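Below are the chains, spelled out letter by letter.
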Amino acid sequence: MALLTSQSLPLGTALPSFALPDPAGIIHTSKELTGPKGILVIIACNHCPYVKAVWERIAAIGAYALAHGIGAVAINPNIHPDYPEDRPEEMAQLARRLHLSFPYLVDETQEIARALNAVCTPEFYLFGHTGLFYHGRLDDNWKDASNVGREELKEAIDRLVAGDRPPTEQIPSMGCSIKWRND
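None of these values were measured; they are calculated from a predicted model. (Residues numbered from 1 in each chain as written. Predicted model: local features only at pLDDT ≥ 70, side-chain atom pairs only at ≥ 80, totals over all residues. Heavy atoms only, no water.)

## Examining unusual backbone geometry
Put simply, the rule reads: Under the scheme used here, helices are H or I runs from DSSP no shorter than 4 residues and strands are E runs no shorter than 2 residues, and both carry numbers assigned from the N terminus. Each residue's exposure class comes from its accessible area (1.4 Å probe, protein chains only) as a fraction of the maximum for that residue type: buried when under 20%, exposed when over 50%, partly exposed otherwise.
Here the residue pair threonine 121 and proline 122 is connected by a cis peptide bond, since its omega of 0 degrees sits within 30 degrees of zero. Here proline 122 shows up in the loop between strand E7 (120–121) and strand E8 (123–128). Even without a glycine there, the phi angle at glutamine 110 is positive, about 65 degrees. Here glutamine 110 falls in the buried class, since its relative accessible area comes to 1%. Phi is positive for asparagine 117, which is not a glycine, with a value near 60 degrees. Classification of asparagine 117 by relative accessible area gives partly exposed; the value is 33%.

Given below as structure tokens:
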């Protein structure tokens, strides 16, 4: 698996509108998922070791965002025959096991991942009403939650809710490459 870091996306970039299914086929839209303060979009999958290491923290940060008026959604662009662990059935099992409080959606066409200029899993995008507010890593220790010293995404959520400016330092997320489909 190729290790990549997230590509820059200009602050203020508008959230691409989407209507994507969850593993049960229920369609969720960006409009319905956006909270009064904005939305947290997480590009994720099931098989990547970088995502596996932080899924519990992803569940927690999504719940934190929701509690602060920010919608949350995880989107899986890795629906690829070579990665059966990322199938919708497996996504549904993971969502149940983690008790996700937000939808985990299927981006089978990879349209949303491409619109966000996503390249790896996980990637984190925090949008406010004026567009992209934060695009960086979750925290400073993807390997070990007990050694996290700085929770950059949580800090960005707090800044957005408080009406502050975006963080000046936004360290790219890193993870496995998205498995782009060639069809």
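Structure's up, so let's keep going.
## Describing the environment of glycine 25
Tracing the chain through its elements places glycine 25 in the loop between strand E2 (19–21) and strand E3 (27–29). Here the alpha-carbon distance between glycine 25 and glutamate 169, two residues 144 residues apart in the chain, equals 38 Å.

## Points about the sheet that holds strand E6 (residues 104–106)
Worth spelling out the cut-off: The pairing criterion for strands is at least two bridges between them, as found by DSSP. Angles here are taken between N-to-C directions and fall from 0 to 180 degrees, while the axes themselves are lines fitted to C-alpha atoms, restricted in helices to the stretch in contact. Should any heavy atoms of two residues lie within 4.5 Å, those residues are considered in contact.
The strand order across the open sheet formed by five strands is E6-E5-E4-E8-E9, and the pairing between neighbours is mixed. Each edge of the sheet is formed by a strand with only one pairing partner; in this case those strands are E6 and strand E9 (131–136). If you compare each strand with its neighbour and ignore which way they point, the axes differ by 25 degrees on average. Sheet contacts for helix H3 (residues 55–67): strand E4 (38–43), strand E5 (70–76), E6 and E8; angle to E5, the most-contacted strand, approximately 150 degrees. The strands touched by helix H4 (residues 88–98) are E5 and E6; relative to E6, the strand with the most contacts, the crossing angle is about 175 degrees.

## What about H4?
Note the cut-off: The arc in question is the one spanned by the directions pointing from the helix axis to the C-beta atoms.
Residues of H4 that are buried: Met91, Ala92, Leu94 and Leu98. Projected down its long axis, H4 shows its buried positions confined to an angular sector of 165 degrees, all on one face. Looking at H4, the residues exposed on the side facing more than 90 degrees away from the buried face are Arg96 and Arg97. Where the residues of H4 are buried, they touch H3, E5 and E6. Phi turns positive one or two residues past the end of H4, at histidine 99, with a value near 55 degrees.

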